[in-house]
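Structure at a glance
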Amino acid sequence: MRSILFVLATLFAYAHCIRFYLDPNSMRCLKEEVQAKVLVAGEYEVSVTPAVKTEYVVRDSKGHILSRKDDIPHGKILKFSFATETYDTFEVCFIAHAIQPSFSGNKQNKQEIYLVVKRGIEAKSYEGLGEVAKLKPSEVELKRLEDLSEAIVQDFARMRKNEEEMRDTNEATNTRVLYFSIFSMCWLLTLSVWQVFYLRSFFKAKKLIE
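So, a few notes on the structure that sits alongside this text.

Definitions and limits used
Residues numbered from 1 in each chain as written. Predicted model: local features only at pLDDT ≥ 70, side-chain atom pairs only at ≥ 80, totals over all residues. Heavy atoms only, no water. Phe/Tyr/Trp six-rings, centres within 6.5 Å; stacked < 30°, edge-to-face > 60°. Buried < 20%, exposed > 50% of the residue type's maximum accessible area, 1.4 Å probe, protein only. Pairing = 2+ DSSP bridges. Helix = DSSP H or I, 4+ residues; strand = E, 2+ residues; numbered from the N terminus. Disulfide = S-S within 2.5 Å. Axes fitted to C-alpha atoms, helices over the stretch in contact; angles between N-to-C directions.

In this section: the packing of aromatic side chains. For the structure on display, the rule yields 10 aromatic pairs. Measuring from centroid to centroid gives 6.5 Å for F80 and F82, while their planes differ by 10°, and the two rings are stacked. Taking the relative accessible area as the measure of exposure, F82 reaches 8% and is therefore buried. One aromatic cluster in this structure is built from F20, Y44, Y56, F80, F82, F90 and F94.

Our focus in this paragraph is the pairing of strand 5 (residues 65-69). As judged from the 4 bridges shared by strand 4 (residues 52-59) and strand 5, these two strands associate in the antiparallel manner. The partner of V57 across the bridge, within strand 5, is R68. Here strand 4 folds back onto strand 5 in antiparallel fashion, the turn holding 5 residues, of which G63 has a positive phi close to 90°.

For the coordinates displayed, the defined rule picks out 1 disulfide. For C29, the disulfide goes to C93, at an S-S distance of 2.0 Å. Across the S-S bond linking C29 and C93, the dihedral sits near 110°, which makes this disulfide right-handed. Here the residue C29 occupies a position in strand 2 (residues 26-34), and C93 occupies one in strand 7 (residues 88-98), the gap between them amounting to 64 residues. By relative accessible area, C29 is classed as partly exposed at 31%.

Moving on to the sheet that holds strand 4. Read across the sheet, 4 strands follow the order 2-7-4-5 without closing on themselves; strand pairing throughout is antiparallel. This sheet does not close on itself; its edge strands, each paired only once, are strand 2 and strand 5. Neighbour to neighbour, the strand axes of the sheet diverge by 15° on average, direction disregarded.

Below, the discussion takes up the pairing of strand 3 (residues 39-46). As defined by bridge partners, strand 3 adjoins strand 6 (residues 77-83) across 7 bridges and the pair is classed as antiparallel. Residue pairing across strands places E43 opposite K79, the latter belonging to strand 6. The pairing of strand 3 with strand 8 (residues 111-119) spans 7 bridges and is classified as antiparallel. Bridge pairing links A41 to K118 in strand 8.

Shown next as structure tokens:
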């Protein structure tokens, strides 16, 4: 039973880890879609790089700033978190500024960025919750499984809703195609009848037929 729940947890709770390099005076953004009412937490670390100032900002699709830090301490693991209200796409951007112009084109000043983004139950700190609420390890595990079950039910409900919306869209599209096909056939039949009468009158006018 626990192995099944672990597999479901890997399907319905997400954690993404990525490493990349950032040149001085450049910016790199990562985008991701998140469902409504989901906790998103992240950890990031910027390598120690001389003469480079680094900042990061997290925005939603409307440009609202969800998290930001202007001067990131190099070589330290920092965290951020926010909760989504609606289904949206957010982006995490890292910007590197060369403090001295002579370092702007120096390839040795590339920064290594380490970023981990978690969402859903993976973003929750159950150890901290157990310490605050004074829960036993078994109670913490039961709380985690309860949240996991709720997340699975919500995801299945969302998938069912998406399937219903897609089915309704397909049915509406099929109905429109049917009406368009009937209209096209009627229009072609009308044109064919008109063409026959027109040619008949034309040939009669030319006295080619009686």
